[in-house]
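Each chain, letter by letter, is given below.
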Amino acid sequence: MLKHHILLALRSFKRFKSSLFINLTGLSTGLACTMLIFLWVNDELKVDRFHAQDDRLYQVMEHQKYADNIMTTTSTPGVLAEGLKDEIPEIKYAATTTWISKYTLSFGEKNLKANGYHVGEDFFNIFSYNLIQGDADQVLKDKSSIVISKSLAESLFGNTEDAIGKQIEYQHDRTFLVSGIFDEIPTNSSYQFDFVLSFEDYKDDNGWVLNWGNNGPKTFVILTDDADANELSDKIAEFVKGKNEESNVTLFLQKYSERYLHGSYENGQQSGGRIEYVNMFSIIAIFILIIACINFMNLSTARASRRTKEVGIKKALGVKRYDLVIQFMGESIMVSLFSLVIATLMVWIVLPEFNNITDKQILLDFDPVQILGFLVIAILTGIVSGSYPALYLSGFQPVKVLKGELRTSLGELWVRRGLVIFQFTLSVVLIVSVMVIYKQIDFVQNKNLGYNKDNVIYFETEGKVNENPETFLTELRKKPGVKAASSISNVLLGRNSNTSGVSWEGKDPDANILFENVRVNHDMLETLGIEMKEGRSFSRDFSTDTSKIIFNEAAIKVMGLEDPIGKTIDLWGEYKLEIVGIAKDFHFQSLHEQVKPLFFVLSPENTWYVMARLEAGREKETIDRLTNFYQSYNPGFTFDFQFMDEEYRKMYAAEQRVSSLSKYFAGFAILISCLGLFGLAAFTAERRTKEIGIRKALGSSSFNILLLISSDFTKMVLIAIGIALPFSYWIIQSWLEKFAFRIDLEIWFFALAGFLALLVAWLTVGSQAIKAATLNPAKCLKDQ
């Protein structure tokens, strides 16, 4: 029986080649899109889940309460890990980490940049970064130790066998002994680094981390087997307040492997994160697959008349409806499996470009999860797309079929039209979404931020640059192509250093306000083009400017100061600083956030980045010149710089990927919808050939025939547009609300999306309608 069904299916495919081609194209494209999304979602869901103790691995986080909101952060006191491990029996291991940065490592004549950070002694007991040499309990016991990656060992020493015990020079001023080597960090780790040093070493030069009132490092813990994470989270909530009674911090635990996807908080409540994009693209995959399945349903039921006699004869011979359902469902699954083969080839071809867009390293390696996932998707697609046609075809009454009395019912027509409307509703929603996302990304990347980020490079200070930054900056400014240069403590691309230790006359004693703290050198505000609203910037003409302070407008507003120039504020209870200027508000965070309070202080010795504005149009030659200058001025160090505008764009990397992927998937959804519309239009024109011939014989023009064929499809698309536009408005408005600064939703976005959908439908149907309208009426009637 199976052989018989397969043979009948192959004959049916051969007989109806055009339907098979449309179904294969639509299903293959839909499956390919779904498979790509499946690979991406599966990769996202696996991030940070490879650690052996994942079920007991947690990150300690903070809710910090301020006057206007609760800020949630991963920053914690540097002594928190030790305190928790010593005092909380439910914590088995605890480790502090700093932040990953690039440093210069040297061995002999080799100098290279590598990513690394300082970590606590329990680091390798907490995280499953595979040590191929060294013991997890011992590699960080000595604060003069360094643990390096396999690739770094090979780059420095040529192999891994002789690396243990070798001395590596760090930043050309200190040496560390290699105590261990770890295997390459898995690509699905959110932390990528080349070496680690002991946090005990970091303490020696950074005493601030010993203060319970300071935050910065991150804290990770492994719980004991019998510990309950929720109960422990409540238990440690007031831990920091017990060490520092002035603290505004409440601790809590978050499962480490959930942090990647659920990393956003709003006023102390978890509010999404990357999981939103995982959910969104999963829904898009379902949409695209449904659109492809609808094509199959519509074409199969529309062409049912071609198989009525087959069904009638079989039923007359005693074949049960169940067997017919199995037969037609089997044909659908066969088409789906054929489509899977084609889709797999399509995925293999486009995967490298897909990886570029998503910044992933996804492989089509056909592991059991991939194979099972693809098969499940294909079989479900076959079942869904074949269910309605199978039930419809198998339901024919044999007497009516054999007598030729079978007619298309009104209900059948409405189901078919409803499916087309549903297809185009989804397509229009995707069109609107793509347009608005593109406009919003364009808006955030081109908005005036209140300073000029174009043609500005920055790099960290190190070596001789650190020893005498003023001499370096003087030489740097002399180089042709350099318009301005100065130094700063952070690069104004997010919150880096903030404090609530600002007091002023008239301050509410209960008000706890967070300020971004930026230390600058002379000319820094001018280099960035930050404008002053009142007062002045720092100047070499005033020798006492190190005792002055400049606030932004947002700070003055939240402080409630009137006529602030000349007033004195107290910083940390240690410094009395006079306000000499008010800078106009500028965006130092992403446009997801409102402009926050900020102040500048003149402190050249505490600036760690050099910024230089280059002359437009001469960037390449200037960079070449600066590279040679830097290497001669600072031997042993490489000139490792970034363009500020490029780094700013990276703040919206997730949105950019959404924009790019949505554009492609929307295009494929429209293509699949049009394939189905094309097939239905061709079939409609074929069935109405005799009617067209009679109408033309009675004097109807080709234009009237064109309207006759296309009018029903136009009505369906218009209904779809009417349904889609309010629905798409609600979806895209919800997305835009995540931005504090956003575009206005204008009516032309929706009008254009509707027109594009209608135009595409007209072009699709029009080719068949024109073909039918130009037929010779005599031939039409003769053929019937």
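On a predicted model such as this, the values are computed, not experimentally measured, just so you know. (Residues numbered from 1 in each chain as written. Predicted model: local features only at pLDDT ≥ 70, side-chain atom pairs only at ≥ 80, totals over all residues. Heavy atoms only, no water.)

**Q** Explain a nonpolar patch on the surface to me, using residue names and the numbers behind them.
**A** A contiguous nonpolar surface patch, about 720 Å² in accessible area, is contributed by Leu-337, Phe-366, Ile-371, Leu-372, Leu-375, Val-376, Ile-379, Leu-380 and Ile-383. The element that contributes the greatest number of residues to the nonpolar patch is helix 13 (residues 368-394), accounting for seven residues. Along the polypeptide, Val-376 turns up in helix 13. You can call Val-376 partly exposed: its relative accessible area is 38%. (Patch = residues over 30% accessible without salt bridge, like charges linked within 9 Å, V, L, I, M, F, W, Y side chains within 5 Å. Areas by Shrake-Rupley, 256 points an atom, 1.4 Å probe, with all protein chains shown as cover. Salt bridge = Lys/Arg side-chain N within 4 Å of Asp/Glu carboxyl O. Helix = DSSP H or I, 4+ residues; strand = E, 2+ residues; numbered from the N terminus. Buried < 20%, exposed > 50% of the residue type's maximum accessible area, 1.4 Å probe, protein only.)

**Q** Outline the side chain of Thr-527, supporting the account with residue identities and numerical values.
**A** With respect to the helices and strands, Thr-527 occurs in helix 18 (residues 524-528). Using a relative accessible area of 2% as the deciding quantity, one classes Thr-527 as buried. Within polar-contact distance, the side chain of Thr-527 engages the backbone oxygen of Asp-523 at 2.7 Å. Apart from the residues lying within four places of it in its own chain, the contact partners of Thr-527 are Ala-484, Ala-485, Ser-486, Met-611 and Arg-613. (Polar contact = N/O pair within 3.5 Å; in protein donor to acceptor, adjacent residues only side chain to side chain. Contact = heavy atoms within 4.5 Å.)

**Q** Describe helix 5 (residues 150-157), with residues and values.
**A** The set of residues buried in helix 5 consists of Leu-152, Ala-153, Leu-156 and Phe-157. Seen from one end, helix 5 has its buried residues packed into an arc of 100°, which puts them on one side. In the core, the buried residues of helix 5 are packed alongside strand 4 (101-107), strand 5 (110-119), strand 7 (145-149), strand 8 (167-170), strand 9 (174-182) and strand 10 (195-198). (Arc of directions from axis to C-beta.)

**Q** Outline the packing of aromatic side chains, supporting the account with residue identities and numerical values.
**A** Following the criterion strictly, the structure yields 53 aromatic pairs and no others. Considering the side-chain rings of Tyr-117 and Tyr-191, the 6.4 Å spacing of their centres and the 0° angle between planes classify their relative orientation as stacked. Of the two residues, Tyr-117 is situated in strand 5 and Tyr-191 in the loop between strand 9 and strand 10; the sequence distance between them amounts to 74 residues. Of the residues examined, Tyr-117 reaches a relative accessible area of 3% and is grouped as buried. (Phe/Tyr/Trp six-rings, centres within 6.5 Å; stacked < 30°, edge-to-face > 60°.)

**Q** Please provide a residue-by-residue account of the pairing of strand 8, values included.
**A** When a strand is regular, its side chains alternate between the sheet's two faces. Burial along strand 8 is one-sided: the residues Ile-168 and Tyr-170 are buried and none of Gln-167 and Glu-169 is. As paired elements, strand 4 and strand 8 share two bridges and run antiparallel to each other. Residue pairing for strand 8: Leu-105 is matched across the bridge by Tyr-170. Of the strand pairs in this sheet, strand 8 and strand 9 are connected by four bridges, and their pairing is antiparallel. For Ile-168, the partnering residue across the bridge sits in strand 9 and is Phe-176. Here strand 8 folds back onto strand 9, and the loop between the two strands holds three residues, one of which, Gln-171, carries a positive phi near 55°. (Pairing = 2+ DSSP bridges.)

**Q** Give a description of the pattern of salt bridges that names residues and reports values.
**A** As enumerated under the stated definition, the model contains 33 salt bridges in all. In this structure, Asp-204 and Lys-143 form a salt bridge, with 2.9 Å as the shortest nitrogen-oxygen distance. One end of the pair, Asp-204, is in helix 6 (residues 199-205); the other, Lys-143, is in the loop between strand 6 (131-133) and strand 7, with 61 residues separating them in the sequence. Residue classification places Lys-143 among the partly exposed residues on the basis of a relative accessible area of 40%. Close ionic contact of Glu-200 with Lys-203 constitutes a salt bridge, the shortest N to O distance being 3.1 Å. Of this pair, Glu-200 and Lys-203 both sit in helix 6, three residues apart, which is roughly one turn of that helix. Taking relative accessible area as the criterion, Glu-200 reaches 39% and is therefore assigned partly exposed. One continuous salt-bridge network, built from bridges that share partners, spans Glu-615, Arg-618, Glu-621 and Arg-625.

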